[in-house]
Amino acid sequence: MELDDFIGPAVRAAKKEGAQQVEVYATSAHTWSAYADDSKVKSVEEKKDLGMAIRLLREHRFGQATSMVTSVQDAEACARHAAHVATLLPIENTFKAFPTPDKPGVWARCSDENIRGTENRELARLMTAVIGATVEPGKVKMPNGVLRAGHIQARVVNTNGIDICRDSTLVYMRASAMTEGANPGEGAETFFSSRINELDPIAIGKRLNQKAKSSARAEGYKGKMIGAVIMPPGDLAELFAGSVSFALSMENINRKRSPWSAKSGQPVADKAISFIDDPTDERGVMSSPFDDEGVPTKRKDLVKDGILNGFINDAYNAYKSEVPMTGNGVRRGPRELVGQWQIPVSIAPLNMVMRKGDRSVDEIVSSIDNGILVESLSAPDVHPITGAFGLEVRCGHLIQNGSLTRTVKHCLIAGNMFDALHHVRAVGNDVIASLNYLLPSVCFDDLELIGSE
Amino acid sequence: MIDLLKQAVAVMQDAGAKFCDARYQKVNRTTIEIVDGGVRSLAEDLVGGLCLRARHSGSWGYASTHDLDRKNVFLAAERAASNAKLGSAKGVAIPPGKTLVRDVKAMVQVHPSSVALEEKLNLTKDLEKAQRISPQIVNSTAAYMDSVRTNWLVNSFGSELKWEEVRARLIGQPIASDGTRTELFYNIVDGSKGFEMFKSLDIDEMGRYCGKEALSMLSAKKCPSGEQVCISDPWVSGLLAHEVMGHASEADEIIKKRSFLTTVVGKKVASDLITMVDDGTVDGPYGSITFDDEGTPSSRTTIIENGVYKGYMHSLETAAEMGVHPTGNGRAQDPFRRVFVRMTNTFFEAGDWTLKEMLEDVKFGVLTDKVISGMEDPVGGGFEGKALRGFLIENGKITDVLRSFTLTGKALEILRTTDAVGKDIKFAGGNCGKGNEDMVPVSDGGPYCRSRIILGGG
C-alpha cells in the first residue's frame, strides 16, 4: 500500500461525515538499524511503517485522530474517529482554517540516494568498522551502539489546496565506549546527518576510545568553586532545546510559560550569541522547504547579537497570536523516521544554527584562570520555566591558569540558563550537528561547581 | 492472528532460526489536553504493528511492519531470519521454555473502552478549571491519557499468548507567576488500572492542591548546596531505585560488565534498612505487566535484601547466558523496537519510620518533593536526579520551600548512609528510556528515606 492509496479515501470519508475542511499527514518510512552490544553486532533490524494523522473542522469544531494504515478501511475509520471527536468539542474560535498554499522555501537537499539502496549488510559493516576503531582488547570495549539509516516519504494534503510531499533520509548513530578493569570510564558519541557518506566510522571509533580513557581518569570532585564552564556542543543542544527553543515557542508565549514573553527587541543574551532557524541549511537533519502543516519555511534570525528578534509558531499559535505563520509546526524528530505520523504537531526549530565564534576550545581554555571544560554531562536538561539547572558532570577537566589540570566527575554545575546566556565568555568555532541544532562549544562565566565535602 | 503468527514462526524456523517469536500489538489510545479553559487536543489513536524476531548464534534479526498481508508477513519473517545472520555476537542457545497457552484480560473495574469520551473530556476539563484559584495562576493544564494494549505472541516454544494491558493517567499542571518569577507544580494519578482510578478522586481538591502549591513555589528559595542530610520523598527514593540500582541490575549490563554491581551478589551494598525489588506483578502501578514482550510471565525479583545484594533482572537471553530462570523483564517499546532487559515496578520496601520521626532528628537538611527527571549511570554508579522542589528542614521543622534542585553522589555511598526508612510506599509511573530511546511504561517508588546526598541548583 502507498500513501496515494489511502489519503484520498480518508479525505472523502471525512467529508462524508460532514467535515468542511480536512488535513491528512501521512508517512511511509523504511529504516534499517544495526545495534552493537559488548563489541559485537548484536541485533539487525528492518522496519516498514505506514500511518496517518487526520485533522478536520466539522461545523467549526476541531477533531483529530491517528492510525497505522494496513488498508483503506483503516484510513477511513481514522477519519470517522476524527469526525466523532469533533462532535464532542465546542466551536473552535482559534483554529478556523488549515493553511493555504504558498511558495516553498529553499529546498535543502536532505535526501541521500545512497541510503535508499542501503542494505542491512552495509549498516552491519559500518558498525563493525566503528567497533574496530574503538576497541583495544583488554583496555577499551564498546558496550552499546546503534546505527540507523532510513528514508521517509511524508505527505501533507489539505482541502485548502496544500499537497506537499517530502522525501528525506536520516542517519543517526549513538555509541558508547568504556575502559575495562577496575573503575571503568565511559564516553559516548552521537552522529546526525542526512547523508551516509558523511559518517566516518574510524574517526568516531577513535573519539570513542579517547573519551572512554579520559573518563576513566576522572576522580570525584571535592569542594565548591565559582568559575568558567565550557559546555560541549552535543550537551548544549539538549540544554538549548529545553530552554532556548522552549522560550522561543509561541505556544509557550501564549501559555505564559516562556521567560522571553515580553522581551521582544530586548537583550536576552550576550551579544556574542545569535540563533538562526535555518531550514535551508543542508547540514540540518530536519531542514526542509515546508513544515508538517504544509507551511513554507524560511531562514529566521531569532536572536541576533543577543537581541530577541522573533518567535516560532505553528498554525494554531499563529492564529492565536494573530501573526504570520513561521513554518515551525513539526511532527518529526532527529533520531527516528518510523512512527512520525503518531507525533502531534508541536513547535520546534527545524535547524537551529548558533553563530560560531572565532576561537578554538584550546584558545578559550588558555584564557580561563579558574573553571572546567566539560566533556560529558549525565542528563543535560534545564527547568524550562525557570531556566534553573544542576548538571551532573560525568567527565570534565578542571582549568587553572589557562591549563587543564585534573579530570573530575561526580559533581554538579549549578546555574540558570537564561542568566548564563548573558554571561558568555566565548563562543567556539567547533560546530557540529546535534539533534536539530548546529552549534559550537560555549563558555559561560560564573557558574557554581559543587562536589562532595 | 495467532494462526498467522504461528505460520510466521514456522517460516523463521525453516530459515534456520533456533529460537524465534512473532508478536503483534494493537494499542487504542485516547489523549486529551485542556489548556486555560480550552480544548487544546482531543485525539483517538490506533497504533501497533507486527514484530518478527529470530536468533542465530548470539545475534538477533528483526523485521517489523504494519502490513498483515500473508505474503508480506512471510517475507518479513525471512528477512528477520536473514538479518540475524548478519550479527557477529556469539552466545548460548535459548533453552526450551514452557509452552504457555493463555488469553488474559486486564484486571480492571471500569475498562476505558466502556467510558464515553465525553466523560473523559469532562473529567479533564474539571481538573483544569479547579487549578485556577488565583489570578497568579497564569496557565493551567490538565491532561488525560488511557491506552488499551492488546498483545498476541507466538514463539518457537509453542506458546500462544494473548493478553491485554490497560493504563491510564491524569495530570494537573498549573503555572504561577507574580510578574517577576514563574514556577510550575504538578500532580499525577496513574496506574495499570481503568477509569475507576478517577471515579474515587476528588478532582476539585486535586486541582486546587496543584494551584495552591504552584503559588507557594513563587516564594521558594534556592536549595543549600553541597552534601546535606536529605529526606527523599517516595518519588525521589524511587528515582534512586530505578535509575542507579535498577538499571545497573539489568542482567544485560552485568553480562557485558557495564554495571558497577557486576560482582556484588551476596555482598553488603547498603544499610540494613534497604530492601529493593522489581515486581511487575504488583496490582495497580503503571509498570505492571502480565507477560513481558517475550511471553515470560511477570515476576518479583529481589535485588537488595536488608542491605545485601541478591540478583538481577533477566530476559530469555540473559537468563540463558547466566544459567538462571528468566524473570519477565524482556520488554520492548512497541513492535518497532528491540526487546532487551527492562524494569517494571522498581522500589524500596517499607521500613518503620514516620515522616514526623525522620524530621525530628534533623538539625539542618532538605526534604524533597516530586521528580522532574533522572538519568542512569550503570557504569559509575552515580545518582543524578532532579527534584521539582523541596523543603528546608531546621531543628526538626520545615521552615522554607525550596525551588527545583539536583541530587547527586555515588549511589552506594548514599544507601550506606540511609538511617531511616518510612512506613508507606508510593509509586509514580512514567516511561523509561534505556539510553535515550526505547521507552517502556514503568513505575518506581518507595517510602521516605533519610540519607546524605549532594544537592545543588540554580
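Per chain, residue numbering runs from 1 following the sequence as it is written. Each chain takes a letter, starting from A, and each ligand takes a number, starting from 1, following the order in which they are written. Where totals are concerned, whole chains, interfaces and linings use all residues; where local detail is concerned, this predicted model gives features only for residues with pLDDT of at least 70, and gives and counts side-chain atom pairs only at 80 or more.

Some details on the overall build of chain B
The test is simple: A run of DSSP states H or I qualifies as a helix once it reaches four residues; a run of E qualifies as a strand once it reaches two. Both are numbered from the N-terminal end. Every radius of gyration here is taken over C-alpha atoms, with the globule rule written as 2.2 Å times N^0.38, N being the number of residues. The exposure label follows from counting other C-beta atoms within 10 Å of a residue's C-beta, where the C-beta atoms are placed from the backbone and the thresholds are 20 or more for buried and 12 or fewer for exposed, leaving partly exposed in between. What counts as a contact is two residues whose backbone-derived C-beta atoms lie within 7 Å of each other.
Looking only at helices and strands, chain B features ten helices and 23 strands. In terms of overall size, chain B behaves like a compact globule, its C-alpha atoms giving a radius of gyration of 23 Å where 458 residues would be expected to give roughly 23 Å. If one aligns the C-alpha atoms of chain B with their principal axes, the spans along those axes are about 70 × 55 × 35 Å. Within chain B, the proportion of its 458 residues that are buried is 62%. Residue pairs in contact within chain B that sit at least 24 positions apart in sequence constitute 74% of those at least 6 positions apart.

Side note on the interface of chain A and chain B
The parts lose accessible area when they come together, and the size of an interface is often stated as this lost area. Formally: Classes in brief: Ala, Val, Leu, Ile, Met, Phe, Trp, Tyr, Cys and Pro nonpolar; Asp, Glu, Lys and Arg charged; the others, Gly included, polar. Pairing between two strands requires that DSSP report at least two bridges joining them.
Counting from both sides, the interface comprises 65 residues of chain A and, opposite them, 66 residues of chain B. The element that contributes the greatest number of residues to the side of chain A that touches chain B is strand β2 (residues 40-58) of chain A, accounting for eleven residues. Looking at the side of chain A that touches chain B, its residues break down into 24 nonpolar, 19 polar and 22 charged. Looking at chain direction, strand β3 (residues 61-68) of chain A and strand β2 (residues 38-56) of chain B are connected through four bridges and run parallel. Bridge pairing in β2(B) places Gln64(A) opposite Ala43(B).

Points about the pairing of strand β1 (residues 19-35) of chain B
Residue and element names in this part refer to chain B. The element β1 is largely enclosed, with a buried count of twelve among its 17 residues. Relative to β2, β1 runs antiparallel, the two being bridged by 17 bridges. For glutamate 33, the partnering residue across the bridge sits in β2 and is serine 41. Taken together, β1 and the strand that follows it, β2, pair antiparallel across an intervening segment of two residues, in which aspartate 36 is found at a positive phi of about 50°.

Overview of unusual backbone geometry
Residues and elements named next belong to chain A. A positive phi is found at glutamate 59, a non-glycine position, where the angle reads about 50°. Within the chain, leucine 435 stands out as a residue other than glycine whose phi angle is a positive 50°. As for its placement among the helices and strands, leucine 435 is situated in the loop between β20 (432-434) and β21 (437-439).

Some words on the environment of Asp281(A)
Residue and element names in this part refer to chain A. Mapped onto the elements, aspartate 281 comes out in the loop between β9 (275-277) and β10 (300-304). Taking the C-alpha atoms as reference points, aspartate 281 and tyrosine 316, separated by 35 residues in sequence, lie 26 Å from one another. Apart from the residues lying within four places of it in its own chain, the contact partners of aspartate 281 are Ala108, Ser287, Asn351, Val353 and Leu438.

Observations concerning the packing of helix α4 (residues 120-134) of chain A against helix α5 (residues 201-216) of chain A
Residues and elements named next belong to chain A. Here is the rule we go by: Comment: axis = line fitted to C-alpha atoms, over the contacting stretch for helices; angle = value between 0 and 180 degrees taken between N-to-C directions. Note on angle classes: values under 35 degrees are labelled roughly parallel, values over 145 roughly antiparallel, values of 65 to 115 roughly perpendicular, and the remainder oblique. Helix crossings get a hand from a simple test, with the near helix turned counterclockwise from the far one by less than a right angle marking a left-handed crossing and a clockwise turn marking a right-handed one.
Where α4 meets α5, the closest approach of the two axes is 7 Å, and the angle between their N-to-C directions is 40°. What the angle tells us is that α4 and α5 run oblique. Note that α4 runs across α5; the crossing there is right-handed. Listed contacts from α5 to Leu126, Ala129, Val130, Gly132, Ala133 and Thr134 of α4 are Pro201, Ile202, Ile204, Gly205, Lys206, Leu208 and Asn209.

Section: helix α2 (residues 72-87) of chain A
Put simply, the test is: By definition here, a helix of n residues has an expected span of 1.5 Å times n minus one.
Its 16 residues give α2(A) an end-to-end C-alpha distance of 23 Å, which sits within 8% of 22 Å, the value for a rise of 1.5 Å per residue. Those residues of α2(A) lying buried are Asp74(A), Ala75(A), Glu76(A), Cys78(A), Ala79(A), His81(A), Ala82(A), Ala83(A), Val85(A) and Ala86(A). Residues of α2(A) that are buried sit in contact with α1 (3-16), β2 and β3 of chain A together with β2 of chain B.

A word on the packing of α1(A) against α2(A)
Residue and element names in this part refer to chain A. Contact geometry of α1 with α2 gives a least axis separation of 8 Å together with a crossing angle of 35°. Read as a crossing pair, α1 and α2 show a hand that is right-handed. Counting all contacts with α1, which are made through Asp5, Phe6, Pro9, Ala10, Ala13 and Ala14, the residues of α2 involved are Val72, Ala75, Glu76, Cys78, Ala79, Arg80, Ala82 and Ala83.

A closer look at the nonpolar core
Our working rule: Among buried residues, those of type Ala, Val, Leu, Ile, Met, Phe, Trp, Tyr and Cys that are joined through C-beta atoms within 7 Å form a set called a nonpolar core.
Ala10(A), Ala14(A), Met52(A) and Ile54(A) are the most contacted members of the largest nonpolar core, which has 238 residues in total. The residues contacting Met52(A), other than those within four sequence positions of it, are Phe6(A), Ala10(A), Val24(A), Tyr25(A), Ala26(A), Thr66(A), Ser67(A), Val69(A), Ala75(A), Cys78(A) and Trp341(A). Formed by 32 residues, the second largest nonpolar core is a distinct cluster that contains Ala8(B), Met12(B), Ala54(B) and Phe291(B).

Examining the pairing of strand β15 (residues 370-377) of chain A
All names here are of chain A. Most of β15 sits inside the fold, with seven of its eight residues counted as buried. Taken together, the three bridges between strand β8 (residues 224-231) and β15 define a ladder with parallel strand orientation. Note that in β15 the partner of alanine 228 across the bridge is glycine 371. Of the strand pairs in this sheet, β15 and strand β16 (residues 388-400) are connected by seven bridges, and their pairing is antiparallel. Bridge pairing in β16 links valine 374 to glycine 396.

Considering the domain arrangement of chain B
Residues and elements named next belong to chain B. Threshold: Throughout, the edges of the domains are those of an automatic or database domain assignment.
What the domain assignment lists for chain B is domain 1 (2-219) and domain 2 (226-456). Each of domain 1 and domain 2 has a C-alpha centre, and these two points are 22 Å apart. Taken together, the contact between domain 1 and domain 2 spans 35 residues of the former and 25 residues of the latter. Contributing elements (two or more residues each) for the side of domain 1 that touches domain 2: β1, β2, β3 (59-65), β5 (137-155), β6 (160-177) and β8 (187-191). Residues belonging to the side of domain 1 that touches domain 2 are distributed by class as follows: 15 nonpolar, eleven polar and nine charged.

Considering the sheet that holds strand β11 (residues 307-308) of chain A
Residues and elements named next belong to chain A. An order of β11-β10-β9-β14-β21-β20 is seen for the six strands of this open sheet, with the pairing classed as mixed. Edge positions in the sheet fall to β11 and β20, since each has one partner strand and no second. When β9 meets strand β14 (residues 352-354), the two strands line up antiparallel, connected through three bridges. In the strand pairing of β14, phenylalanine 275 is matched with methionine 354.

Some words on the domain arrangement of chain A
Residue and element names in this part refer to chain A. Parsing chain A into structural domains produces domain 1 (3-216) and domain 2 (219-450). With 45 residues of domain 1 at the contact, the number on the domain 2 side is 40 residues. Every element with two or more residues in the side of domain 1 that touches domain 2 is listed here: β1 (21-37), β2, β4 (140-158), β5 (163-179), β6 (186-193) and α5. Here the residues of the side of domain 1 that touches domain 2 sort into 21 nonpolar, 16 polar and eight charged.

Overview of helix α6 (residues 233-241) of chain A
In terms of residue burial, α6(A) counts as a mostly covered element, since eight of its nine residues are buried. Turning to α6(A), its buried residues are Pro233(A), Gly234(A), Asp235(A), Leu236(A), Ala237(A), Leu239(A), Phe240(A) and Ala241(A).

Describing the environment of Ala124(A)
Here Ala124(A) is to be found in helix α4. Between the C-alpha atom of Ala124(A) and that of Val44(A), which follows or precedes it by 80 residues, the distance is 7.4 Å. Contacts of Ala124(A), omitting those with residues within four sequence positions, involve Ala34(A), Val41(A), Val44(A) and Leu86(B).

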